[in-house]
Amino acid sequence: MLSYRHSFHAGNHADVLKHTVQSLIIQSLSEKEKPFLYLDTHAGAGRYLLNSEHAERTGEYMEGIGRLWQNPEAPEQLQPYLSAVSALNPSGRLKYYPGSPLIARHLLRAQDTIELTELHPTDYPLLRNEFLKDDRARVARGDGYQQLKAKLPPAARRGLILIDPPYEMKSDYQAVVDGIREGYKRFATGVFALWYPVVLRQQIKRMLSELQATGIKRILQIELAVRPDSDQRGMTASGMIVINPPWKLAAEMEAVLPWLHKQLSPAGTGHTLVNWVVPE
Ligand code: SAM
């Protein structure tokens with residue numbers, strides 16, 4: 001089943017959280033000259049046209065990136081992320097939204113490598129075309145979870161692995177834990193960043209206890225909710241689970257989350273959270 005299309009959701013509050021965390025991790029990894037790998041298991045199309053029929057139909061980006069874009073009060077922790085959005089919109093009008101691969105492309109250096117996997121028959125060629133002239137990048141059509149076995153550990157022994165499935169199949173909640181277990185076995189010093197939606201809180205609680213049961217240490221949870229938990233349909237919050245986070249990440253997110261929450265939930269509903277699921 002491949003009915004999920006990210007073009008309906010690009011730039012929404014969940015993307016803002018995910019791409020802020022992604023950008024801060026890349027910024028930290030870039031502090032050392034040594035190269036690193038960026039591996040994106042569920043990469044999407046790469047670029048999203050915000051006035052497309054898909055994006056306009058939901059209007060989600062207007063309540064996400066649309067509220068931060070060119071806000072002069074945006075805290076410094078958002079600068080790497082917002083610089084990637086600006087780079088794609090040189091006219092100063094918000095036309096395109098960069099997915100995680102384009103954010104990485106903007107922030108990575110010449111010595112780094114990019115491995116992208118996407119399964120969808122429409123999104124894969126779009127992604128491949130974005131990277132035709134980038135010799136740091138390899139784009140594959142296939143199953144992202146397989147890459148956690150095939151591509152790890154990287155030659156450089158440093159890297160960020162972003163795992164961002166659509167969760168349209170319930171099995172994704174288990175597949176991400178199995179995938180992380182496999183990836184970690186091969187590359188225990190890597191930074192693993194897993195995105196999750198909060199649709200039913202119980203699913204997230206179960207996923208977190210499965211992750212705890214792996215025995216993996218240094219697991220940080222970052223969450224931003226725009227509404228309280230609910231048993232009705234729809235995503236009320238989203239989060240990132242980061243294994244081996246750069247030492248500054250928890251403090252950076254604690255600093256930026258209150259401001260982000262104010263923009264993304266002007267009525268003040270929901271919450272933010274930075275929590276060590278498993279400490280050192
Ligand atoms: N990471 C992207 C970003 O931040 O811009 C968004 C990814 S979107 C949430 C999830 C993507 O995973 C979709 O484009 C979907 O087609 C793709 N997908 C679904 N199952 C997959 C699988 N088993 N392997 C790789 N990609 C898959």
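Residues numbered from 1 in each chain as written. Predicted model: local features only at pLDDT ≥ 70, side-chain atom pairs only at ≥ 80, totals over all residues. Heavy atoms only, no water.

A separate point is the overall build of the protein chain. For the protein chain, the helix and strand inventory stands at 9 helices and 10 strands. For a compact globule of 280 residues, the expected C-alpha radius of gyration is about 19 Å, and the protein chain comes in at 17 Å, within 12% of that figure. Considering only C-alpha atoms, the protein chain reaches an extent of 45 × 45 × 40 Å along its principal axes. Relative to its full complement of 280 residues, the protein chain shows a buried share of 55%. Pairs at least 24 residues apart make up 77% of the contacts formed inside the protein chain by residues separated by at least 6 positions. (Helix = DSSP H or I, 4+ residues; strand = E, 2+ residues; numbered from the N terminus. Rg over C-alpha atoms; globule rule 2.2 N^0.38 Å. Buried < 20%, exposed > 50% of the residue type's maximum accessible area, 1.4 Å probe, protein only. Contact = heavy atoms within 4.5 Å.)

In the UniProt entry, the feature "active site" (unreviewed entry) is given for Asp 164. Following the sequence through the fold, Asp 164 ends up in the loop between strand E6 (159–163) and helix H7 (172–186). Residue Asp 164 is classed as buried on the basis of its relative accessible area of 12%. Every residue in contact with Asp 164, bar those within four places of it in the chain, is listed here: Lys 18, Thr 41, His 42 and Trp 195. At a separation of 2.7 Å, a polar atom in the side chain of Asp 164 contacts the side chain of Lys 18. (UniProt positions renumbered as here; feature names shortened; annotations may be inferred. Polar contact = N/O pair within 3.5 Å; in protein donor to acceptor, adjacent residues only side chain to side chain.)

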